Amino acid sequence: MIPAIEKNSLEEIKFFQEQKLAELLAYISENSPFYKRLFAGQNIDISKVKTLEDLQFLPVTTKEDLQQYNDDFMCVPQHKIIDYASTSGTLGDPVTFGLTDSDLDRLAYNEAISFACAGIAEGDVVQLMTTIDRKFMAGLAYFLGLRKLKVGVIRVGAGIPEMQWDSILKYNPSYLITVPSFLLKLIEYAEIHGIDYNNSSIKGAICIGESLRKQDFSMNILSKKITDKWNIKLFSTYASTEMSTAFTECEHGQGGHHHPELIIVEVLDENNLPVKNGETGELTFTTLGIEAMPLLRFKTGDIVQLHEEPCACGRNTLRVGPVIGRKKQMIKYKGTTLYPPAMNDVLSSFDNIENHLIEISTNDLGTDEILIKIAVKNQTPEFLQEIKDHFRAKLRVTPKIEFASKETLNPLVFNPMSRKPIRFFDYRT
């Protein structure tokens with residue numbers, strides 16, 4: 001199930017997107033109070049925007065804009081909204097997203113072609129190990145996409161390894177949709193309770209919320225830990241509520257595939273200009289085909305690299321590499337630039353560590369201070385020194401590290417209001 005547009009030439013894809021961009025600009029200038037006001041205030045003539053390169057002459061949209069003017073992004077009357085979703089905001093209150101009937105169809109199409117990209121097909125059974133309630137768009141999107149693919153869905157929800165295994169052994173699903181670190185808990189439970197997980201029905205897992213790969217697409221420590229024990233295929237996926245679109249790996253594992261019929265992608269530098277080919281920058285997108293809350297040049301805050309060479313799967317679309325880090329989570333520590341994923345990767349290499357979180361604050365000198373709290377099976381000074389030495393070897397610096405109990409860390413990391421673990425806490429002024 002590869003949409004024809006994704007196998008077209010780059011020139012054909014570009015021409016298609018430029019037509020869709022013109023339609024979007026006409027739509028939001030007519031129906032979005034926010035963009036109507038923005039275009040008028042900056043004397044923007046949308047008729048002059050004819051190519052993807054012309055996007056750089058348009059203003060960007062930020063998370064702060066979404067939060068401050070949430071209702072002004074709505075392009076349809078309230079009675080057209082069928083589903084209400086929300087996502088965290090930068091200023092405290094969550095941002096609400098409304099979806100029309102058409103938007104829900106688009107969401108289902110997006111997930112269907114994304115799951116198909118990972119090899120899921122009609123006749124498969126998939127265990128959904130994420131929440132579908134609490135206004136989270138993701139769980140609903142997964143269900144709608146699998147339904148469109150005519151795939152059986154077992155809606156178990158998050159957590160509880162015993163319940164997950166009961167369901168796997170009863171219904172024999174072929175794929176799981178889950179946070180990858182939870183797969184380690186499934187393995188641990190299976191080993192304790194004598195479950196032969198390598199002879200189970202599971203062929204693969206669509207992994208959300210945590211990275212599986214390094215920048216060269218080789219497996220990181222987390223994915224190695226899983227696959228060294230469990231012979232299943234892991235697929236990485238990148239998405240957000242704001243984009244209502246997913247970038248999912250195919251079987252070749254070379255980045256998340258772009259769906260050009262759904263979204264325009266840019267990678268921008270500090271001046272909101274496109275970076276050169278192969279350089280990293282902030283992923284910025286423009287949604288296509290969204291009726292209720294379309295977005296123009298929305299800055300995600302995620303630092304990534306795009307890959308434009310054709311993929312062996314037959315798609316000619318660009319691919320998004322693993323997220324290097326969140327722009328606002330960048331840390332300058334003793335002259336070294338760090339992002340939380342790199343520290344998570346170092347900590348994941350120790351089996352003795354059961355849980356961890358990273359706290360960033362501002363010290364008396366006005367510079368970044370790092371405190372890592374770890375819950376471990378066996379606390380010894382020698383182990384603490386081993387971790388510090390490993391940090392120095394891998395990242396050239398050693399942050400402050402202290403022991404904590406699982407009882408203290410677990411409620412913070414596994415917050416029931418979040419669909420993925422929260423390991424980064426930023427207290428900088």
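Bear in mind the structure is a predicted one, so any value in this text is a computation, not a measurement. Along each chain, numbering runs from 1 in the same order as the chain's sequence is written. Predicted model: local features are reported for residues with pLDDT of at least 70 only, side-chain atom pairs are reported and counted for 80 or more only, and whole-chain, interface and lining totals are derived from all residues. Excluding hydrogens and water, the side-chain values take into account all heavy atoms of the structure.

Caption draft 1: Broad picture of unusual backbone geometry. Although it is not a glycine, I160 sits at a positive phi angle of roughly 55 degrees. Here I160 shows up in the loop between β4 (152-155) and α6 (161-171). Backbone geometry places F217, a non-glycine residue, at a positive phi of 75 degrees. Considering the arrangement of structural elements, one finds F217 in the loop between β6 (204-207) and α8 (221-229). Each helix is a run of H or I in the DSSP string that is no shorter than four residues. Each strand is a run of E no shorter than two, and both are numbered from the N terminus.

Caption draft 2: Focus on helix α2 (residues 33-41). To sort residues, take the accessible area from a 1.4 Å probe on protein chains only and compare it with the maximum for the residue type: under 20% means buried, over 50% means exposed, and anything in between is partly exposed. Residues of α2 that are buried: F34, Y35, L38 and F39. Buried residues in α2, looked at end-on, bunch into an arc of 120 degrees, giving them a common side. Residues of α2 that are exposed and point more than 90 degrees away from the buried face comprise A40 and G41. Once α2 ends, the next one or two residues include N43, with phi positive near 50 degrees. Taking the helix axis as origin, the arc is that swept by the directions to the C-beta atoms.

Caption draft 3: Representation of the nonpolar core in the model. The definition of a nonpolar core used throughout is a set of buried Ala, Val, Leu, Ile, Met, Phe, Trp, Tyr and Cys residues joined through side-chain atoms within 4.5 Å. Core analysis: the largest hydrophobic core is formed by 49 residues, its most contacted members being L21, L25, Y35, L66, L283, L295 and L296. Elements that contribute at least two residues to this core include exactly α1 (10-31), α2, β2 (95-99), α4 (101-117), α5 (137-148), β10 (263-268), β11 (280-287) and β12 (298-307). Pairs of residues are marked as contacts when any of their non-hydrogen atoms sit within 4.5 Å. Among all residues touching L295, those that are not within four sequence positions of it are L24, Y35, L66, F73, F97, E242, F285, T286 and T287. Of all hydrophobic cores here, the second largest spans 22 residues; its members include I331, Y333, F350 and V376.

Caption draft 4: Summary view of the sheet that holds strand β19 (residues 400-403). Spatial strand order, β19-β18-β17-β20: 4 strands in an open sheet with mixed pairing. The two strands at the open ends of the sheet, each matched to only one other strand, are β19 and β20 (424-426). Averaged over all neighbouring strand pairs, the angle between strand axes comes to 20 degrees, with direction disregarded. For strand β17 (residues 353-362) and strand β18 (residues 368-376), the ladder comprises 9 bridges, and the chain directions are antiparallel. Bridging from a neighbouring strand, L357 pairs with K373 of β18. Axis geometry follows a simple rule: fit a line to the C-alpha atoms, using only the stretch in contact for helices, then measure angles between N-to-C directions, giving values from 0 to 180 degrees. Across the sheet, helix α9 (residues 340-348) touches β17, β18 and β20, and the angle it forms with β17 is around 150 degrees. Across the face of the sheet, helix α10 (residues 381-395) comes into contact with β17, β18 and β19 while running at roughly 150 degrees to β19. Two strands are counted as paired when DSSP detects at least two bridges linking them.

Caption draft 5: The arrangement of the pattern of salt bridges in detail. Within this document, salt bridges are pairs made up of a side-chain nitrogen of Lys or Arg and a carboxyl oxygen of Asp or Glu, the two lying within 4 Å of each other. Enumeration according to the criterion identifies 21 salt bridges in this entry. Note that D351 is salt-bridged to K225, the shortest N-O span being 3.2 Å. Residue D351 is located in the loop between α9 and β17, and its partner K225 is located in helix α8; the two are separated by 126 residues in the primary sequence. Classification of D351 by relative accessible area gives exposed; the value is 55%.

Coordinates in, geometry out; function isn't part of it.
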